[in-house]
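# Secondary and tertiary structure notes
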Amino acid sequence: MRLGVLGDVHANCEALDAVLRALASERIDQYIQVGDLVGYGPEPSECIAIVRSLSAVVCMGNHDAAVLGLLDTSYFNTYARAAILWTRQHLQPTDLSYLRSLPYVARQAEYTVVHGSLHLPAQFGYVVSVVEAADCLAMQDTRLCFLGHSHVPAVYLQSAPGVEGIAMIAQPEGEICFRGYGRVLLNVGSVGQPRDEDPRAAYAVVDTVAETIELKRVPYNLGLTQRKIYAAGLPEVLATRLAIGL
Ligand code: ZN
């Protein structure tokens, strides 16, 4: 099975379109989206419609939960909170019911999808090192688990239980073979707001037969997304940060 794994979209339609165009020739059997469909970006309703049209396996992100009132926004920075309030006013009732239907953990036969970590998934902790990866891997029932939240791509390969048995590979793109390893944890990065100083949209193709993960990047019309952010009246920093990938 070939899986197209989409990171945090954050209502950035231009980035999402570019990723899906790039994936069109990849013979994808199933699309996966790791949560944070909305927040920060100017086209939340449009991005929800696109991802729904893919029949993707999707989980609840912290921004999705905040828009629904399921998460206290006092933990968000000023700009993120302003975007949450803006997003609430620009979603259709059907968008809200779709977001409300998303599970914190989406369990499939071959893989699990969660936004931050399988360790207390509704608290949205971050996996950014082998220490947090160990907590997540310990809760992982399937060999593969996909997550996002940090907006920085990384792959964690477990050869034996415990922190010392985990190899971390952090790179923006490239192919990684997980043959011979046990559990695999993929942080796919972000489609709509990368934070690894590479502004290109991040996604991955996972082949469960070849046992490979391809971390991929694609440029998109970033200037158009910025203009839409300005036109929407969202905080300007949400546009400027896209150009530097932070
Ligand atoms: Zn996010």
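The paragraphs below set out a description of the structure included in this document. (Residues numbered from 1 in each chain as written. Predicted model: local features only at pLDDT ≥ 70, side-chain atom pairs only at ≥ 80, totals over all residues. Heavy atoms only, no water.)

Turning our attention to the sheet that holds strand β12 (residues 212-218). Ordered by their spatial adjacency, six strands build an open sheet running β3-β2-β1-β11-β12-β9, and the pairing between neighbours is mixed. Lying at the two open borders of the sheet, with one neighbouring strand each, are β3 (57-58) and β9 (174-177). Where β9 lies against β12, four bridges are found, and the strand directions are antiparallel. By the bridge assignment, E175 is partnered in β12 with E214. In this fold helix α1 (residues 13-23) packs onto β1 (2-6), β2 (30-33), β11 (201-207) and β12, with an angle of close to 30° to the strand it touches most, β11. (Pairing = 2+ DSSP bridges. Helix = DSSP H or I, 4+ residues; strand = E, 2+ residues; numbered from the N terminus. Contact = heavy atoms within 4.5 Å. Axes fitted to C-alpha atoms, helices over the stretch in contact; angles between N-to-C directions.)

Read across the sheet, six strands follow the order β4-β5-β6-β10-β7-β8 without closing on themselves; strand pairing throughout is mixed. Because the sheet does not close on itself, it has two edges, and the strands there are β4 (105-107) and β8 (166-169). When the angles between neighbouring strand axes are averaged without regard to direction, this sheet yields 15°. Sheet contacts for helix α6 (residues 130-138): β6 (144-147), β7 (154-158), β8 and β10 (184-187); angle to β8, the most-contacted strand, approximately 120°.

Here we take up helix α2 (residues 44-53). Inspection of α2 places P44, S45, C47, I48, I50 and V51 among the buried residues, and these make up the whole buried set. The elements touched by buried residues of α2 are α1, β2, β3, α4 (78-88) and α5 (93-101). (Buried < 20%, exposed > 50% of the residue type's maximum accessible area, 1.4 Å probe, protein only.)

Time to look at the packing of helix α7 (residues 222-232) against helix α8 (residues 237-244). Where α7 meets α8, the closest approach of the two axes is 8 Å, and the angle between their N-to-C directions is 165°. In this view, α7 runs roughly antiparallel relative to α8, as classed from their interaxial angle. The chirality of how α7 crosses α8 is right-handed. Where α7 abuts α8, its residues L222, T225, Q226, I229 and Y230 lie against L238, A239, T240, L242 and A243. Considering only residue class, the contact of α7 with α8 consists of seven nonpolar, three polar and no charged. (Parallel < 35°, antiparallel > 145°, perpendicular 65-115°, else oblique. Left-handed = near helix turned anticlockwise from the far one by under 90°. Nonpolar A, V, L, I, M, F, W, Y, C, P; charged D, E, K, R; others polar.)

Moving on, we get to α6. Looking only at α6, the buried set comprises A133, A134, C136 and L137. Within α6, the buried residues cover an arc of 170° as seen down the axis, which keeps them to one side. Residues of α6 that are buried in the fold lie against β6, β7, β8 and β10. (Arc of directions from axis to C-beta.)

So, about the coordination of the zinc ion. Here the zinc ion is held by D8 (OD), H10 (NE2), D36 (OD) and H151 (NE2), and the distances to it run 2.1 to 2.3 Å. What the four donor atoms of the zinc ion show is an angle range of 84 to 179° at the metal, which sorts the shape as irregular. (Donors = N, O, S within 2.8 Å, 3.2 Å for Na, K, Ca; no water. Tetrahedral: all angles 85-135°; square planar, octahedral: opposite > 155°, others 65-115°.)

The phi angle at A11 is positive, at roughly 55°, despite the residue not being glycine. Examined against the element boundaries, A11 turns out to sit in the loop between β1 and α1. Of note, H149 is a non-glycine position whose phi angle comes to about 80°, a positive value. In this structure, H149 sits in the loop between β6 and β7. Among the residues examined, H149 registers a relative accessible area of 3% and is labelled buried.

Keep in mind these numbers describe shape, not what the thing actually does.
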